[in-house]
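Survey of secondary and tertiary structure
Each chain is listed here by its residues.
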Amino acid sequence: MEEASAMASTPGAPSWTLNPSEFNLESFDADEYVSRTKVAVPLDVLKGSLDTYLADIRTQLVELINEDYPDLVSLTSKLSDLDATVLRIRSPLVDMRNKVTAARASIASNLTALNAGLQARSTVALQKAKLGLLQDTAHALSKVDKLTAQLEEGSFEGEDDDAKASSELELRSRLLERIAGEVSRLKLYVSRANNHPFIVAQQSRITKAEARLGGALGGAMRSALAQGSTAAEFHLLHAYAASGDPSGAERIIREVVLAPIVSDVLDATDKNRQDLKPVFDGVLAKLSDSSKSSAIARLLETVQADKSGLEALDLVSRAVLPEVDDSIARSRPGALSPGAPAAFLRNYKAARAFLEALASMQRKHSPEAEAALRSSPAWRSFVGRWSLTVYFTMRQQEIVESFEEMLSPSSKAAAEAMSSKPTPPYLLAQTSKVAELLKRCWEDEVFVDTLADRFARLAMQLLSRYATWVSDSLRDRSTSSSSSSSTPSDTSTSSAAANALWTTPDGLVKVLADVERMRSSAKDESAAGILGEAVRAMAPLGDAAAVAIRSALHDIADDRMEKIAVRIRELLVTPLATKCCGMLKQLRGITATYRMTNKPAPERASHYVPSVLAPLRTFVTETAIPAKLTEAAKATLVAEVAGQVTDSFTDTASELLSHVKKTESSLQLLKSRKDSKSGGGAGGGGAGGGGVTDTEKICQQLVLDATEFGRQLSSLGISLDSFPAYARLLEVVKM
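Residues numbered from 1 in each chain as written. Predicted model: local features only at pLDDT ≥ 70, side-chain atom pairs only at ≥ 80, totals over all residues. Heavy atoms only, no water.

Moving on: the overall build of the protein. Regarding its fold elements, the protein presents 31 helices and 0 strands. Counting every position in the protein, which comprises 735 residues, the buried fraction comes to 38%. Taking the intrachain contacts of the protein between residues at least 6 apart in sequence as the baseline, contacts between residues at least 24 apart amount to 73%. Accessible area for the protein stands at about 40,100 Å²; split by element, carbon and sulfur atoms hold 55% of it. (Helix = DSSP H or I, 4+ residues; strand = E, 2+ residues; numbered from the N terminus. Buried < 20%, exposed > 50% of the residue type's maximum accessible area, 1.4 Å probe, protein only. Contact = heavy atoms within 4.5 Å. Areas by Shrake-Rupley, 256 points an atom, 1.4 Å probe, with all protein chains shown as cover.)

This is the structure we're talking about:
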């Protein structure tokens with residue numbers, strides 16, 4: 001190592017020292033080490049250092065071997081008696097291994113014998129259980145045959161004293177209940193036997209016993225129902241439940257009891273009226289007869305009693321409802337036809353009430369019974385007979401056709417509407433009609449909650465169609481105005497009235513008033529409002545439905561109806577504002593009044609100011625037109641006209657003042673030039689000696705006129721403090 005270091009540090013060689021500790025690292029890579037080191041030193045120097053390091057390691061290895069060599073040599077003499085020791089230890093170990101092997105073989109033999117015994121015991125137990133099952137089957141089959149024979153012979157010996165005192169029918173029903181119990185056990189045994197040859201051989205006897213039981217139960221059940229024997233009915237219903245054939249009892253009850261009841265109820269009502277409510281009421285009266293004189297009421301009480309053991313029977317779902325459904329469809333098909341919408345809706349609502357009454361009866365029994373009724377095929381069949389889609393189509397055609405006919409300009413209904421008196425608070429028959437039809441969509445005589453989404457869509461379409469009619473009529477007003485001027489003298493009165501509706505202020509005010517009232521009604525949740533009617537009709541469907549209809553109506557009212565109202569106000573405001581602004585031309589005469597005239601400063605407003613808003617005042621106070629508007633609509637209309645007139649006043653005054661100031665500047669410049677040539681002196685264009693100038697007089701007159709104009713605005717109900725246009729006017733004239 002000293003030699004390697006010396007070699008690396010010789011004069012002229014690179015300053016580098018071999019570091020052997022890197023060789024012990026797990027990540028050491030010889031190729032990478034050589035590549036990295038040859039940059040610092042030449043390869044021959046590196047090789048020399050490594051050879052020196054290798055020699056040093058070999059020297060150290062030899063020294064380590066020689067250091068412990070005497071101990072290694074002496075080890076052989078110390079192990080001279082090792083073989084004898086091994087022999088002494090080996091003998092007991094071999095004996096132990098032989099004993100363990102023998103014990104293991106014995107245990108394995110015993111275990112095999114034990115497993116064989118357990119398998120044999122299991123086989124015997126299985127065979128014994130199967131034999132017991134076959135014996136039970138044979139015993140049950142024998143007992144069924146014996147009881148069946150006893151039933152057929154009519155011998156009821158062996159019954160207790162109470163049974164002997166009972167009627168023969170009751171005794172037969174008790175015996176049948178016992179037979180049904182045995183048959184039920186027999187079915188259980190057969191299912192467990194898993195096609196055993198003995199069971200297969202006895203299958204014909206079992207089938208025959210079941211058939212005899214079914215026939216005997218059917219005959220006894222009919223007799224018990226005919227005689228009204230409550231005790232016999234009780235035992236026979238339990239027999240049907242035990243035999244696993246509840247549908248047999250339900251079928252017989254439907255045939256013997258329900259069919260006559262429904263038939264009698266149908267016969268007792270007028271077939272020509274096609275009114276099903278008396279039918280449903282009559283059936284419900286029989287089902288809930290508190291006196292239990294009705295057989296079906298008595299049977300329902302028996303079946304639905306607590307812990308009756310008759311849960312397998314469902315007379316409401318599988319007997320009552322199917323019989324009512326089939327009987328009505330067979331004898332009163334016209335009552336199910338949506339061709340007469342009013343009668344159809346009455347019958348449908350009566351049917352819904354009938355179904356809910358049946359569900360309530362089932363709910364009192366158990367929630368599971370109600371769920372079974374609502375999911376039963378009879379429920380789906382009964383509900384499916386009511387063609388609600390066709391009913392809605394009929395109502396939609398009825399509503400839409402009458403509305404479209406009213407809006408069509410060439411229709412007879414439209415002509416009659418122009419001459420007819422609308423229903424307050426509306427001023428147009430078309431608006432009255434759409435309001436009537438919108439409310440009709442939610443009337444109890446029309447609306448069906450199961451079609452709530454369709455009726456809501458229809459209401460939105462009616463309101464949107466009304467907005468489109470108004471919008472289109474406003475757009476086409478110029479065309480109708482020009483065509484009316486070229487119409488021959490024999491033009492119909494209705495056509496002229498229709499044209500006047502969209503071209504005259506009176507007509508436009510009527511339209512604006514109706515649009516505002518319709519918009520307000522669409523957002524009114526009181527009983528008188530369209531939204532109120534809709535929310536009331538949607539109430540049974542929950543808050544989400546009410547929120548949805550409220551949002552839809554608000555969207556139409558705040559979007560389309562508001563835009564239409566703005567457009568109508570523009571058509572009314574523009575001509576009024578134009579008339580008022582025509583009077584502002586006199587404002588330009590103020591310049592001629594005071595320029596170069598030496599008139600004194602003004603003390604009152606100009607004579608033209610009260611006449612500026614005269615057209616608007618006449619429109620508001622001296623015509624009957626504004627009375628047709630609501631106070632809010634009238635105030636909005638006045639504010640918009642006043643705003644435009646005030647803006648025009650401001651622009652005219654600003655222009656006048658700008659011209660006056662420019663003129664004054666020019667005159668002062670001319671005067672200064674003359675003074676400079678003449679050496680001084682007074683000139684025109686103003687009041688000498690420090691008096692009021694012509695420009696100041698004009699400004700004072702404008703301030704007086706603006707102040708008087710503000711009083712005129714206040715007389716029209718406009719608050720000057722909240723009227724930005726007037727504030728701008730004052731700012732301009734006081735500059």
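With that settled, consider the side chain of Arg298. Along the polypeptide, Arg298 turns up in helix H12 (residues 295-303). Relative accessible area serves as the criterion here: at 13%, Arg298 is assigned to the buried category. Within polar-contact distance, the side chain of Arg298 engages the side chain of Glu233 at 3.0 Å. (Polar contact = N/O pair within 3.5 Å; in protein donor to acceptor, adjacent residues only side chain to side chain.)

Our focus in this paragraph is the nonpolar core. Counting 168 residues, the largest nonpolar core has Leu358, Trp442, Val470, Met518, Ile568 and Phe709 as its most contacted members. Per-element accounting of this core gives the leading share, 16 residues, to helix H25 (residues 543-582). If near-sequence neighbours (up to four positions away) are discounted, Val470 is found in contact with Trp502, Val511, Val515, Ile564 and Ile568. In terms of nonpolar packing, the next biggest core, distinct from the first, is built from 8 residues, Ala140, Leu186, Val190 and Ile206 among them. (Core = buried A, V, L, I, M, F, W, Y, C linked by side-chain atoms within 4.5 Å.)

Right, let's get into the packing of helix H24 (residues 530-538) against H25. At a minimum axis distance of 9 Å, the contact between H24 and H25 shows a crossing angle of 160°. Considering the angle they form, H24 stands roughly antiparallel to H25. Considering only the axes of H24 and H25, their crossing is right-handed. Here H24 contributes Leu531, Ala534, Val535 and Met538 to the contact with H25, which in turn contributes Ala545, Ala546, Ile549, Arg550, Leu553 and His554. Looking at the contact of H24 with H25 residue by residue, the classes come out as 8 nonpolar, 1 polar and 1 charged. (Axes fitted to C-alpha atoms, helices over the stretch in contact; angles between N-to-C directions. Parallel < 35°, antiparallel > 145°, perpendicular 65-115°, else oblique. Left-handed = near helix turned anticlockwise from the far one by under 90°. Nonpolar A, V, L, I, M, F, W, Y, C, P; charged D, E, K, R; others polar.)

All right, on to the pattern of salt bridges then. Pairing is possible between side chains that carry opposite charge, provided their charged atoms lie close to one another. On inspection of all chains with the given rule, the structure shows 38 salt bridges. For Arg174, the salt bridge identified is with Glu170, shortest N-O distance 3.2 Å. On the criterion of helical spacing, the pair formed by Arg174 and Glu170 is a turn pair, its members being 4 residues apart in helix H7 (residues 168-193). Among the residues examined, Glu170 registers a relative accessible area of 14% and is labelled buried. (Salt bridge = Lys/Arg side-chain N within 4 Å of Asp/Glu carboxyl O.)

A separate point is the packing of aromatic side chains. Summed over the entire model, instances satisfying the criterion amount to 16 aromatic pairs. For the ring pair Phe354 and Phe382, a centre distance of 6.4 Å and an interplane angle of 65° mean the geometry is edge-to-face. One end of the pair, Phe354, is in helix H14 (residues 341-365); the other, Phe382, is in helix H16 (residues 377-384), and 28 residues separate them in sequence. Overall, the relative accessible area of 1% leaves Phe354 in the buried class. Judged by centre distance (5.1 Å) and plane angle (70°), the ring pair of Phe649 and Phe709 falls under edge-to-face. Here Phe649 is found in helix H29 (residues 631-678), whereas its partner Phe709 is found in helix H30 (residues 694-715), with 60 residues between them in sequence. A relative accessible area of 0% places Phe709 in the buried class. Among the aromatic residues, ring-to-ring pairing joins Phe280, Phe344, Tyr348, Phe354, Phe382, Trp386 and Tyr391 into one connected group. (Phe/Tyr/Trp six-rings, centres within 6.5 Å; stacked < 30°, edge-to-face > 60°.)

Looking at where Leu462 falls in the secondary structure, it is placed in helix H20 (residues 452-475). Looking at Leu462, the relative accessible area reads 3%, which means it is buried. The residues touching Leu462, leaving out its near neighbours within four places in the chain, are Ile399, Phe403, Val434, Leu437, Leu438 and Cys441.

Here the focus is the environment of Leu553. Note that Leu553 resides in helix H25. Of the residues examined, Leu553 reaches a relative accessible area of 1% and is grouped as buried. Placed 90 residues apart in sequence, Leu553 and Leu463 show a C-alpha to C-alpha distance of 8.6 Å. With near-sequence residues (within four places) excluded, Leu553 lies in contact with Met460, Leu463, Ala522, Leu531 and Ala534.

Here we take up helix H9 (residues 230-243). Over its 14 residues, H9 extends 20 Å from the first C-alpha to the last, a length consistent with the 20 Å expected when each residue adds 1.5 Å. Of all the 14 residues making up H9, 10 are buried; the element is thus mostly covered by neighbouring parts of the structure. (Expected span 1.5 Å × (residues − 1).)

This prediction gives the protein a mean pLDDT of 81; 87% of its residues lie at or above 70. Mean pLDDT across the elements of the protein bottoms out in helix H1 (residues 2-8) (42) and peaks in H16 (93). Within the model, pLDDT remains below 50 along residues 1-14, and this stretch shows 17 contacts once partners closer than five positions in the same chain are excluded. The model gives residues 681-689 a pLDDT under 50, and that stretch makes 11 contacts with residues more than four places away or in other chains. (pLDDT = per-residue confidence, 0-100.)

Turning next to a nonpolar patch on the surface. Judged by side-chain polarity, Tyr69, Leu72, Val73 and Leu75 come together as a nonpolar surface patch covering roughly 400 Å² of accessible area. If you trace the backbone, Leu72 turns up in helix H4 (residues 69-78). (Patch = residues over 30% accessible without salt bridge, like charges linked within 9 Å, V, L, I, M, F, W, Y side chains within 5 Å.)

Attention now goes to the environment of Arg728. Structurally, Arg728 is set in helix H31 (residues 724-733). With a relative accessible area of 41%, Arg728 lands in the partly exposed category. Placed 82 residues apart in sequence, Arg728 and Thr646 show a C-alpha to C-alpha distance of 8.9 Å. Among all residues touching Arg728, those that are not within four sequence positions of it are Asp647 and Thr650. Reaching out from Arg728, the side chain makes a polar contact with the side chain of Asp647 at a distance of 3.1 Å.

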